[in-house]
Amino acid sequence: MSSKSNEQKAGQLVVPGERLGVIEEFIPDVGTYVKDGVIYSKVVGRTLVDLVHKRVSVSQLVRGARVPNVGSTVLGQVSSAQPETAGVRIFEIDDEEVSGVFTGILHVSDVQMRYVDSMFDICKPGDVIRAKVISEKNRTYHLSTKDKNLGVVYAFCSNCGNLLELKRQGMHCSKCGRVERRKTAADYGKGLIE
Ligand SMILES: [Zn+2]
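Cut-off values and rules
Residues numbered from 1 in each chain as written. Predicted model: local features only at pLDDT ≥ 70, side-chain atom pairs only at ≥ 80, totals over all residues. Heavy atoms only, no water. Salt bridge = Lys/Arg side-chain N within 4 Å of Asp/Glu carboxyl O. Helix = DSSP H or I, 4+ residues; strand = E, 2+ residues; numbered from the N terminus. Buried < 20%, exposed > 50% of the residue type's maximum accessible area, 1.4 Å probe, protein only. Pairing = 2+ DSSP bridges. Donors = N, O, S within 2.8 Å, 3.2 Å for Na, K, Ca; no water. Tetrahedral: all angles 85-135°; square planar, octahedral: opposite > 155°, others 65-115°. Phe/Tyr/Trp six-rings, centres within 6.5 Å; stacked < 30°, edge-to-face > 60°. Axes fitted to C-alpha atoms, helices over the stretch in contact; angles between N-to-C directions.

Engineer: Whenever I open this one, the pattern of salt bridges confuses me. Can you help?
Structural biologist: Opposite charge on two side chains allows them to pair when their charged atoms are near. Taken as a whole, this structure holds eight salt bridges when the rule is applied. For the salt bridge of Asp 127 with Arg 182, the shortest nitrogen-to-oxygen distance reads 2.5 Å. Within this pair, whereas Asp 127 is found in the loop between β10 (96-107) and β11 (128-137), its partner Arg 182 is found in the segment after β16 (179-180), the two being separated by 55 residues in sequence. Per residue, the accessibility class of Asp 127 equals that of Arg 182, and both read buried. In this structure, the salt-bridge partner of Glu 180 is Arg 182, at a minimum N-O distance of 2.8 Å. Each member of the pair, Glu 180 as well as Arg 182, is classed as buried.

This is the structure in structure tokens:
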């Protein structure tokens, strides 16, 4: 394995789209897909690495078939961010795994009660956020984080990728010392991914 690789260790919690390894190293098994020679997780679950047979698979944590509704609380990963909007890949609805791919859009006016200047102070690609579905059109779900329980639940350093710690002065990276800003949920960093 390469020294600074993103490859997952067995038993780690992964979300859809998370990199598991490359096809030169592993044979992709259930719960995975391959794109450009890289193996990704298709589901929310824990990784299983079979070193003897060189297989990697993901055992799904929740088996359900949910579709978001207006009023649903969803969990998703920020896939893109512009000054006024963020795209979110929804992977959990009301604590159950989704069936299919759902895209959420968070607009800067739906982030919090106070005025927000830029989405870049709210969330960044790769972050995991909890949000409420406020409307739906053509399978695009408009999201809101206007509640203390809503917002970013996991944020990663945009410099080194390390999980950020919520400190008084902001979101702090213990690895490289960078300080960033987010709109965090009240339970930031607790319990979801151990
Ligand atoms: Zn960092």
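Engineer: Whenever I open this one, unusual backbone geometry confuses me. Can you help?
Structural biologist: Trans is the prevailing form of peptide bonds, just as negative phi is the prevailing case for residues other than glycine. Of note in the backbone geometry, Asp 36 takes a positive phi value of approximately 50° without being a glycine. Among the structural elements, Asp 36 can be located in the loop between β4 (32-35) and β5 (38-41). Given a relative accessible area of 75%, Asp 36 falls into the exposed group.

Engineer: Even after reading the chapter, I still don't get the sheet that holds strand β7 (residues 55-60), so can you show me in this structure?
Structural biologist: In any sheet, the strands associate via hydrogen bonds between backbone groups, in a parallel or an antiparallel arrangement. Across the sheet, which stays open at both edges, the four strands sit in the order β1-β6-β7-β3 with mixed pairing between neighbours. Each edge of the sheet is formed by a strand with only one pairing partner; in this case those strands are β1 (13-14) and β3 (27-28).

Engineer: So what exactly am I meant to see when it comes to the coordination of the zinc ion here?
Structural biologist: Six octahedral donors around a metal ideally make angles of 90 or 180 degrees; four tetrahedral donors ideally make 109.5 degrees. Protein-derived coordination of the zinc ion comes from Cys 157 (SG), Cys 160 (SG), Cys 173 (SG) and Cys 176 (SG), at a distance range of 2.3 Å. Because the angles between the four donor atoms bound to the zinc ion fall within 99 to 121°, the donor set is best described as tetrahedral.

Engineer: Which parts of the structure should I look at to understand the packing of aromatic side chains?
Structural biologist: The geometry of an aromatic ring pair comes down to the distance between the two centres and the angle between the two planes. In this structure the tally under the stated criterion is three aromatic pairs. Taken together, a centroid distance of 5.8 Å and an interplanar angle of 75° make the contact between Phe 102 and Tyr 141 edge-to-face. Placement of the pair is Phe 102 in strand β10 and Tyr 141 in strand β12 (residues 140-144), with a sequence separation of 39 residues. Phe 102 gets classed as buried once you look at its relative accessible area, which sits at 1%. Residue classification places Tyr 141 among the buried positions, given a relative accessible area of 3%. Here the aromatic rings of Tyr 154 and Tyr 188 are separated by 6.3 Å at their centres, their planes lie at 40°, and the arrangement is tilted. Placement of Tyr 154 in strand β13 (residues 151-154) and of Tyr 188 in the segment after β16 is noted, with a sequence separation of 34 residues between them. The same class applies to Tyr 154 as to Tyr 188, namely buried.

Engineer: Please clarify how the sheet that holds strand β2 (residues 19-22) should be interpreted in this entry.
Structural biologist: Reading across the sheet, the three strands line up as β2-β5-β4 and stay open at both edges, with antiparallel pairing between neighbours. For this open sheet the edge positions go to β2 and β4, each flanked by a neighbour on one side alone. Each strand of the sheet is rotated relative to its neighbour by a mean of 30°, with strand direction disregarded. For β4 and β5, the ladder comprises four bridges, and the chain directions are antiparallel. Residue Lys 35 lies in a different strand from β5, and its bridge partner there is Val 38.

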